[in-house]
Each structure stands twice: as C-alpha cells, then as structure tokens.
Amino acid sequence: DAKTTQPPSMDCAEGRAANLPCNHSTISGNEYVYWYRQIHSQGPQYIIHGLKNNETNEMASLIITEDRKSSTLILPHATLRDTAVYYCIVRVGQGGSEKLVFGKGMKLTVNP
Amino acid sequence: NAGVTQTPKFQVLKTGQSMTLQCAQDMNHEYMSWYRQDPGMGLRLIHYSVGAGITDQGEVPNGYNVSRSTTEDFPLRLLSAAPSQTSVYFCASSYSIAAKNIQYFGAGTRLSVL
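This is a predicted model, so every value here is computed, not measured. Every chain is numbered independently, its residues counted from 1 as its sequence is written. Labels follow written order: the first chain is A, the first ligand is 1, and so on. Local features are withheld for residues below a pLDDT of 70 in this predicted model, meaning they are given only at 70 or higher, and side-chain atom pairs are given and counted only at 80 or more; totals for whole chains, interfaces and linings count all residues. Hydrogens and waters are ignored; side-chain quantities use all the structure's heavy atoms.

**Let's talk about the overall build of chain B**
This is how it is decided: Counting from the N terminus, the helices are DSSP H or I runs at least four residues long and the strands are E runs at least two residues long. This radius of gyration counts C-alpha atoms alone. The globule rule is 2.2 Å times how many residues there are, raised to the power 0.38. Each residue gets one of three labels from its accessible area relative to the maximum for its type: buried under 20%, exposed over 50%, partly exposed in between, using a 1.4 Å probe on protein chains only.
If you tally the helices and strands in chain B, you get zero helices and 11 strands. Secondary structure elements of chain B occur, N-terminal to C-terminal, as β-β-β-β-β-β-β-β-β-β-β. Here the C-alpha radius of gyration of chain B, 13 Å, is about what a compact globule of 114 residues would show, namely 13 Å. With the C-alpha coordinates aligned to their principal axes, the bounding extent of chain B is approximately 40 × 30 × 25 Å. Split into buried and exposed, the 114 residues of chain B put 47% on the buried side.

Here you go:
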C-alpha cells in the first residue's frame, strides 16, 4: 500500500467547509484512496473512496488531483459531531493484504 | 438494521481467565475481522474470516481463537487472558472479500486484564 501523509491536526469553524488534505505521491495506477474517521472511543467509520474521478456521497466529497498524488476530503458544512481523527488510506481496489493500515491520521477539531 | 454489534462493551478479567467477545452483523456480509487498538499502535488485525467455516490469522493472532459457524457471528475467544491483552477490540465486516477495503466497524469492547 502506498504511503500517505496528513497534517497532524487542523481546526475548522462550525458551519464552514472543512478541507482535509492527504499526500500520496507514490500511489500506483490500481490503488484507490479511502477515507475513514474515528470519533473518540468509537469504531472507525468508512466515509468515501475514489480512484481518479471526484466522488461525492451524503457524508463528504473527495477531490483527487489529476496526477493522483494528492487528494482532499471535503466536509461541506462541518458540525461539532465531525470532530474526529480522519484517516487517508491508499489500497489496491481488490486483492492485496487483509489489513487496513490506519496510520496516525489527522485530528479535526470543529469549533463552535 | 443494527449493523455490527459487539458485546460486552466493557469487561475486566483476571490474568488466566478466559472469555469470548461476541460480534454479530445483520448485513449478510461475507468478510469479518477482529482488530485491537492500543495507544500509539493503530489498529492491528488479529483474525479474519472470508465466509462461514473459513478463518485465517492476522498479524497478532497469538492468545486468540476464532470460529465462524454462521455468516452472522464471529466470536473472538481469549484462551488465558494476560495483561498484554488489555486493549480496545473492534469487530468489522464488509460485503465481500473483494470489497474488504470498505469495512463497517462495531462500537468496540474495552477489555482490561488485571
């Protein structure tokens, strides 16, 4: 799995868009970008994933650069409940190892 | 639709005791797995199953047993608890082995071994 780099933390004001960056400069052509988050004391929660096109679902949008070396998770209207550790993970779409490697992630704090 | 349900939520054991952590999912998912999460260590895979009757070891299987007699249930057994097994345990499931990168996690079991 390609290595990802995220800033350790960021703050966002409630109601504003939260843009969470992730670098994955060694990503290969068959690897997808997955985002999970872990709210304090809870199990990780899948958010979204993508290969090269931008993706949107009810939780978030995922913007992947054309060269696929970086991506941004966008929470369009952050709420206090979005405070969590966010993990950017790069994985092959199928096959590959069984283990999801969450790394250190990035702590997002949404402030009132 | 409850998703992935783990019981108990909290447990305290004495060294040498055995117990079973329960995990059940109601989504008809083929793939299930058990992780433990320790401070500073991230999530580590203990065991996983690609379907009823099929299990395999993850990266930290020692001291744990699993079985998968039904699609819905994937219990984790601690054979003889040790203080090193103090951790938060998460069960997860996904639709299929092909979709194993999209996993749905339970709320966790917080285990302390004294």
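**Notes on the state of the cysteines**
Residue and element names in this part refer to chain A. Definition in use: Only a pair of cysteine sulfur atoms within 2.5 Å qualifies as a disulfide here.
Under the criterion given, the structure shown has two disulfides over all chains. Cys 22 shares a disulfide with Cys 88; S-S distance 2.1 Å. Taking the torsion about the sulfur-sulfur bond, which here is approximately -85 degrees, the covalent link between Cys 22 and Cys 88 counts as left-handed. In this pair, Cys 22 is assigned in strand 2 (residues 18-23) and Cys 88 in strand 8 (residues 84-92), connecting sequence segments 66 residues apart.

**Topic: the sheet that holds strand 5 (residues 55-56) of chain A**
All names here are of chain A. Counted only if it meets this: Strands are treated as partners if at least two bridges between them are detected by DSSP.
The strand order 2-7-6-5 describes an open sheet built from four strands, whose pairing is antiparallel. Whereas interior strands pair on both sides, the edge strands pair on one side only; in this sheet they are strand 2 and strand 5. Here strand 5 pairs with strand 6 (residues 61-64) via two bridges, running antiparallel. The residue of strand 6 that forms the bridge with Glu 55 is Leu 62.

**Quick look at the interface of chain B and chain A**
Definition in use: Only heavy atoms matter for contacts: two residues are in contact if any of them lie within 4.5 Å across the pair. Two parts placed together each lose some accessible area under a 1.4 Å probe, and the buried area is that loss summed for both. The working definition used for a salt bridge is a side-chain nitrogen of Lys or Arg within 4 Å of a carboxyl oxygen of Asp or Glu.
Counting residues at the interface gives 18 residues for chain B and 21 residues for chain A. With both chains or domains summed, chain B and chain A bury close to 1600 Å², and 51% of this area falls on carbon and sulfur atoms. Scanning the region where chain B abuts chain A turns up zero salt bridges. Among the secondary structure elements, those contributing two or more residues to the side of chain B that touches chain A are strand 4 (31-38) and strand 5 (42-51) of chain B.

**Let's talk about the pattern of salt bridges**
For the structure shown, the criterion picks out three salt bridges over all chains. The partner of Asp82(A) in a salt bridge is Arg37(A), with the nearest N and O atoms 2.8 Å apart. Of this pair, Asp82(A) sits in the loop between strand 7 (70-75) and strand 8 while Arg37(A) is found in strand 3 (residues 31-38), placing the two residues 45 residues apart along the sequence. Look at Asp82(A) and you get buried, because its relative accessible area is 12%. Note that Asp38(B) is salt-bridged to Arg44(B), the shortest N-O span being 2.7 Å.

**Some thoughts on the confidence of the model for chain B**
Note the threshold: Every residue carries a pLDDT, the predictor's confidence in it, which falls somewhere between 0 and 100.
Scored by pLDDT, chain B comes out at a mean of 94, with 99% of its residues at no less than 70. Mean pLDDT across the elements of chain B bottoms out in strand 5 of chain B (91) and peaks in strand 3 (residues 19-25) of chain B (98).

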